[in-house]
Amino acid sequence: MSTSWEVSARQLERLAYRRRRDRRRMTIALVSTVVVLVVAWLLITSAPGWERVRETYFDWDDAKAAFPDIARAFLTNIKAFLVAEVLILALALLVAVVRVVPSAWMAPLKVVATVYTDVFRGTPTLLVVLLVGFGIPALGLQGAPTSLFWLGVIALTLSYGAYVAEVIRAGILSVHPSQWASGRSLGLSYGKTLRHVVLPQALRRVTPPLLNDFVSLQKDTALLSVIGLVEALRQAQIFSSRDFVFTPYVVAAAFFIVATIPLARFTDWLSLRAARRQSGAA
Amino acid sequence: MSALLEARGVRKTYGDHDVLKGVDLSVDTHHVVCLIGASGSGKSTLLRCLNLLEVVDDGEIWFDGAEITDPRVDVDDVRRDIGTVFQAFNLFPHMSVLDNVTLGPRKVRGARRGDAEERATALLTRFGLADQARKHPDALSGGQQQRVAIVRALAMEPKVLLLDEVTSALDPMLVGGVLEAVRELKAEGMTIVMATHEMQFAREVADEVLFLESGVVCERGTAEQVFTDPSDPRTREFLARHLA
Ligand SMILES: Nc1ncnc2c1ncn2[C@@H]1O[C@H](COP(=O)(O)OP(=O)(O)OP(=O)(O)O)[C@@H](O)[C@H]1O
Ligand SMILES: [Mg+2]
């Protein structure tokens, strides 16, 4: 850091103090973390059942054997997540806007949107997956999807779309009425005020909760195993029931954990950027 | 010459609270009309009725030769010719100052971005805001934000400007710059209706002053008449308190 003035002795002293304090805090954090981990490790490994647990859940050879197939299957989770995410956002935005807009010719659509959110927010996602996964093929409709992947994506979209629609709607309603007044006063129509003034603010506001929902969506792609889609959990199940071991489940869990980390960091980055924007450093 | 903007017997009620009880108002082109009155007397409500943000409960409003309280009127068409600046600025926080100013011209008037930005920059420069164009509103002082709000309204080239207590949310230090901007607009011939608590300023710029009390205009006349020789006792009392 270079300054345009000669830094005073007092300021140097302050900086030195802050450095010392930060080092002390780091040390405390490090030591306490290590102590907690060691104690936890000792407690777990001294438990009477630990040897059995280690063999069934944490067997290195089993893990190595299962890894490639589970990795391949996990790509299906990622794909389902990415496709569903886009569809969910589109559906949710549509539903939220339909529910907010006060327009007479929208009345029938509003009823549909309201019933949709009520029904799908109230139904467990697992049930939606089962109903869509087995129900739609059973209908035998011409042109209805039969691929397990797409049936799964449709189920997740329907279920999460209802949640996300409500989050977006809450965001729209949270924008202060004076912003509406301001937009309309410029001569912007209702739709243009919604699009250029209100929605951008609403979406920014709900981004953190939405990302949280998407972390949850990423995990819920495992629900698609119940209709027989071979994704990570299903693949782990296949290994497990063949070899009577549980280590493959732990491997699958590790994939899910690792996949959510980028999303978490992305959320942090977004909030940081928003904070910087707010403070005006554009 | 007939008035550019005219209110006839305008009434507005919230629940059982009569906020405006038959207000008449007439604004000629190039004139400045000041609304004064105690807090809660209905000044903001009247302005919100004039740009159709509120639906009147009785009476008529005429603008540019047409009755705009006719329910068949396209409110967006009317509003593009009526600039409004609010007490709390109400800038769009997610956009830069420049985008705030160009949004109306681009999305309502259909101006091209380049043209709109060129004119916006010229306006911002005139009001001493050239350096702020790329910033977001939150990074500006209150006085700067209020001047941006005025520029945003002006960018639509309105026929009349409604100003609602544009200085009352500002530090005393910042009031001067905003009043200077209004003074300049008057000199240019802008038609203005402004609610204000700045009595000295009203006295200086107003062609007509209306004193509102509980939703009734109890005094109207030139600034000279209202401030030096008020006829209504309520006006006298109000002025005694506010000119002290
Ligand atoms: N949306 C509303 N719902 C109910 N009452 C309202 C509403 N808006 C205004 N009022 C009431 O109408 C009256 C007049 O309000 P208005 O904002 O017009 O006053 P004002 O003269 O602008 O006051 P100030 O000088 O404080 O801005 C107040 O008593 C207020 O409480
Ligand atoms: Mg007011």
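Given the structure is predicted, the values throughout are model-derived calculations rather than measurements.

**Side note on the interface of chain B and chain A**
Taken together, the 26 residues of chain B in the interface contact 21 residues of chain A. Buried surface at the junction of chain B and chain A, summed over both partners, amounts to about 2000 Å²; 59% is from carbon and sulfur atoms. In this assembly, chain B and chain A are joined by 1 salt bridge. Between D76 of chain B and R184 of chain A there is a salt bridge, with the nearest N and O atoms lying 3.0 Å from each other. Applying the counting rule to chain B against chain A returns 8 residue pairs in polar contact (both at pLDDT 80 or more). Listing elements by their share of the side of chain B that touches chain A, those giving two or more residues are helix 2 (75-79), strand 6 (82-85) and helix 3 (97-107) of chain B.

**A few points about the UniProt feature "domain: ABC transporter" (unreviewed entry) in chain B**
UniProt feature "domain: ABC transporter" (unreviewed entry): in the numbering of this structure it lies at residues 5-239 of chain B. Taken as a whole, residues 5-239 of chain B contains 37% helix and 26% strand, while its terminal C-alpha atoms sit 27 Å from one another.

**A few points about the sheet that holds strand 3 (residues 32-37) of chain B**
Residue and element names in this part refer to chain B. Within the open sheet, the 6 strands sit side by side as 6-7-8-3-9-10. Their pairing is mixed. Each of the sheet's edge strands pairs with one partner strand only, and the pair in question is strand 6 and strand 10 (216-221). For this sheet the average axis-to-axis angle between neighbouring strands, irrespective of direction, equals 15 degrees. Set on the sheet, helix 5 (residues 142-154) makes contact with strand 6 and strand 7 (160-164); between it and strand 6 the angle comes to about 170 degrees.

**Side note on the environment of D58 of chain B**
Mapped onto the fold, D58 of chain B is located in strand 4 (residues 58-63). With residues near it in sequence (within four places) discarded, D58 of chain B still touches G9, V10 and R11 of chain B.

**Quick word on the packing of aromatic side chains**
Residue and element names in this part refer to chain A. Enumeration according to the criterion identifies 13 aromatic pairs over all chains in this entry. Note on F149 and W150: the rings are 5.4 Å apart at their centroids and 85 degrees apart in plane angle, and the pair reads as edge-to-face. Plain terms: the ring middles of F246 and Y249 are 6.0 Å apart, the flat faces sit at 25 degrees to each other, and that makes the pair stacked. You can call F246 partly exposed: its relative accessible area is 36%. Judged by its relative accessible area of 27%, Y249 falls in the partly exposed class.

**As for the pattern of salt bridges**
Oppositely charged side chains can form a pair if their charged atoms are brought close together. Residue and element names in this part refer to chain A. Inspection of the entire model under this criterion finds 31 salt bridges over all chains. We note a salt bridge from D69 to R72, for which the minimum N-O separation is 2.9 Å. Of this pair, D69 and R72 both sit in helix 3 (residues 60-100), 3 residues apart, roughly one helical turn. Assessed through its relative accessible area of 28%, D69 is described here as partly exposed.

**Structural notes on the sheet that holds strand 2 (residues 17-27) of chain B**
Residues and elements named next belong to chain B. The strand order across the open sheet formed by 4 strands is 2-1-4-5, and the pairing between neighbours is antiparallel. Looking at the sheet topology across the chains shown, the edges are occupied by strand 2 and strand 5 (66-67). As judged from the 5 bridges shared by strand 1 (residues 5-14) and strand 4, these two strands associate in the antiparallel manner. The partner of R11 across the bridge, within strand 4, is D58.

About the criteria used
Counting restarts for each chain, with residues numbered from 1 along the sequence as it is written. Think of it this way: whatever chain is written first is A, whatever ligand is written first is 1, and the rest follow in order. With pLDDT at 70 or above as the cut-off, local features in this predicted model cover only qualifying residues; side-chain atom pairs require 80 or more to be listed or tallied, and sums for whole chains, interfaces and linings still use all residues. Processing note: side-chain calculations cover all non-hydrogen atoms of the structure and skip hydrogens and water entirely. The contact criterion used throughout is that any non-hydrogen atoms of two residues lie within 4.5 Å. By convention, the term buried area covers the 1.4 Å-probe accessible surface removed from two parts as they join, with the contributions of both added. Definition used for salt bridges: Asp or Glu carboxyl oxygen within 4 Å of a side-chain nitrogen of Lys or Arg. In protein, a polar contact means a hydrogen-donor-capable atom and an acceptor-capable atom, both N or O and within 3.5 Å, with residues adjacent in sequence counting only if both atoms are side-chain atoms; elsewhere, any N or O pair within 3.5 Å suffices. Numbering of helices and strands runs from the N terminus, with a helix taken as a DSSP run of H or I at least four residues long and a strand as a DSSP run of E at least two residues long. UniProt positions are given in the numbering used here, feature names are shortened, and annotations may be inferred rather than shown by experiment. When DSSP finds two or more bridges between a pair of strands, those strands are recorded as paired. Angles run from 0 to 180 degrees between N-to-C directions of axes, and those axes are lines fitted to C-alpha atoms, restricted for helices to the stretch in contact. Geometry of aromatic contacts follows a simple scheme: Phe, Tyr and Trp rings, the Trp one being its six-membered ring, pair when their centres are within 6.5 Å, and the pair is stacked under 30 degrees between planes, edge-to-face over 60, tilted otherwise. Relative accessibility decides the category of a residue: with a 1.4 Å probe and only protein chains considered, values under 20% of the type maximum give buried, values over 50% give exposed, and everything between is partly exposed.

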